[in-house]
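Next come the chains, spelled out residue by residue.
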Amino acid sequence: MNAVGGEPGSVVRRLRDGMAGGVLSFPLTSFRADGSLDVDGFRAYVGAQLATAPGALFPACGTGEFFSLDEDEYRQVVTVAVEEAGGRVPVVAGVGYGWAQAARFARIAEDAGADALLVLPHYLVAAPQDGLVAQLEQLAARTSLPLIAYQRGQVAYTAASLTRIARIPGVIGLKDGHSDLDRLQRLTLAAPEGFLFFNGAATAEIQARAYATVGVPAYSSAVHAFAPEIANAFFTALQGGDHGTVDKLLRDFYVPLVELRDRVPGYAVSLVKAAARLRGRPVGPVRAPLTDPSPTDLADLRALLTTGLDLVGASL
């Protein structure tokens, strides 16, 4: 039986409904100045994120620095996210590395009450298509939670492989971070009816219209992590066909943000965290190997954030 029509069906329906009604929230993980996990800060931050009506909550993923969390910290992060969500939105926890380690995180997420898992790209090595499929098969055999595959970096599925992973019980969707629309169109055409697709490009709003043309309107928003007012205004304008507002937000905020992000490797996370701190959110610093923005870049970020908020009638 195809996974979409089996046990995970209710999760698919909840995710589809959430995707249609709002952006997907990928919350930051709160750390103290000494680098330790700040559980209370994370709880407050997640509560603020949920108050802005995201379509779903994806804790401990790339924006949440999954790669820097140990298993106990991961347990606390996912548990807090589930508790704060209270069933209002689906909670999809990140898992990663090789399938054996991913399965350990999957068990923790399942015990914590997560609704599904986002399978982050495996560590370091390139792999053939058969291996990419086997990675999901091995993980799916070890968890009852639905899986969303994430293609980015060294993971890129062919249409033939997409057909295979869609037949794995429990695999319900694919998040794309490559922004290769030719390949993505082939994947959407190869997928069974009801299979979920997500735009996971860095600063996904930049390509949201292009993704929608190949049947992938849902997207994750890093901007939502620090300025949900901007992210929600963009989503509303895009959904309503208000291309004047979309273009203005892209031109005056999102494109300059990408240019700032591209100055330093890792800014895709550390700039987001710095912007959240500028808004008074208790998220703390990033952990190594990421670095916090330089004073010059932080000043430029503050100016850009002020501009973006002003565009949607909000303030820093």
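Before any of the text, the structure's been laid out above.
A brief look at the structure comes next. Counting of residues starts from 1 at the beginning of each chain's written sequence and follows it residue by residue. Only residues with pLDDT of at least 70 get local features here, since the model is predicted, and only at 80 or more are side-chain atom pairs given and counted; chain-wide, interface and lining totals rely on the full set of residues. Only hydrogens and water are set aside when side-chain values are computed; all heavy atoms of the structure are taken into account.

Side note on the sheet that holds strand β3 (residues 92–95)
Right, on to step 1. Pairing between two strands is assigned when DSSP locates at least 2 bridges connecting them. The helix and strand labels rest on DSSP assignments: H or I over at least four residues marks a helix, E over at least two residues marks a strand, and numbering proceeds from the N terminus. The parallel open sheet is built from five strands, whose spatial order is β3-β4-β5-β6-β7. Every interior strand has two partners, whereas the edge strands, β3 and β7 (196–199), have only one. For this sheet, the mean angle separating the axes of adjacent strands, direction not counted, is 25°.
Right, on to step 2. Relative to strand β4 (residues 116–119), β3 runs parallel, the two being bridged by four bridges. Bridge pairing links alanine 93 to leucine 117 in β4.
Right, on to step 3. In what follows, a contact means two residues having at least one pair of non-hydrogen atoms within 4.5 Å. Every angle, taken between N-to-C directions, lies between 0 and 180 degrees, and every axis is a line fitted to C-alpha atoms, over only the stretch in contact when it is a helix. Docked against the sheet, helix α1 (residues 9–21) engages β3, β4, β5 (147–151), β6 (171–176) and β7, running at close to 35° with respect to β7.
Right, on to step 4. Running over the sheet, helix α4 (residues 99–112) touches β3 and β4 and is turned about 155° from β3.

So, the pairing of β6
Right, on to step 1. Taken across its six residues, β6 has six buried, putting it largely inside the fold.
Right, on to step 2. The sheet contact formed by β5 and β6 spans five bridges and is parallel. Opposite glutamine 151, over in β6, you have aspartate 176 as the bridge partner.
Right, on to step 3. Handedness of the β-α-β unit built from β5, helix α6 (residues 159–166) and β6 comes out right-handed.
Right, on to step 4. Sheet topology note: the β6/β7 ladder contains four bridges and is parallel. Looking at the pairing, leucine 174 lines up with phenylalanine 197 of β7. Each residue gets one of three labels from its accessible area relative to the maximum for its type: buried under 20%, exposed over 50%, partly exposed in between, using a 1.4 Å probe on protein chains only. Handedness of a crossover is defined as follows: orient the strands so they point away from the viewer, and if the path from the first strand over the helix to the second runs clockwise, the crossover is right-handed.

Considerations on α1
Right, on to step 1. Here, expected helix span is obtained from the residue count minus one, scaled by 1.5 Å. Compared with the 18 Å implied by 1.5 Å per residue over 13 residues, the 19 Å span of α1 between its first and last C-alpha is a close match.
Right, on to step 2. All buried positions along α1 are accounted for by Gly9, Val11, Val12, Leu15, Gly18 and Met19.

A look at the packing of aromatic side chains
Right, on to step 1. Within 6.5 Å between ring centres, the rings of Phe, Tyr and Trp (the latter by its six-membered ring) count as paired, and their orientation is classed by plane angle as stacked under 30 degrees, edge-to-face over 60, tilted in between. Under the counting rule described, the total for this entry stands at 12 aromatic pairs.
Right, on to step 2. Between phenylalanine 66 and tyrosine 74 the ring centres are 5.9 Å apart and the planes differ by 80°, which places this aromatic pair in the edge-to-face class. With respect to class, phenylalanine 66 is no different from tyrosine 74; both count as buried.
Right, on to step 3. A network of ring pairs unites the aromatic residues Tyr219, Phe234, Phe235, Phe253 and Tyr254 as a single cluster.

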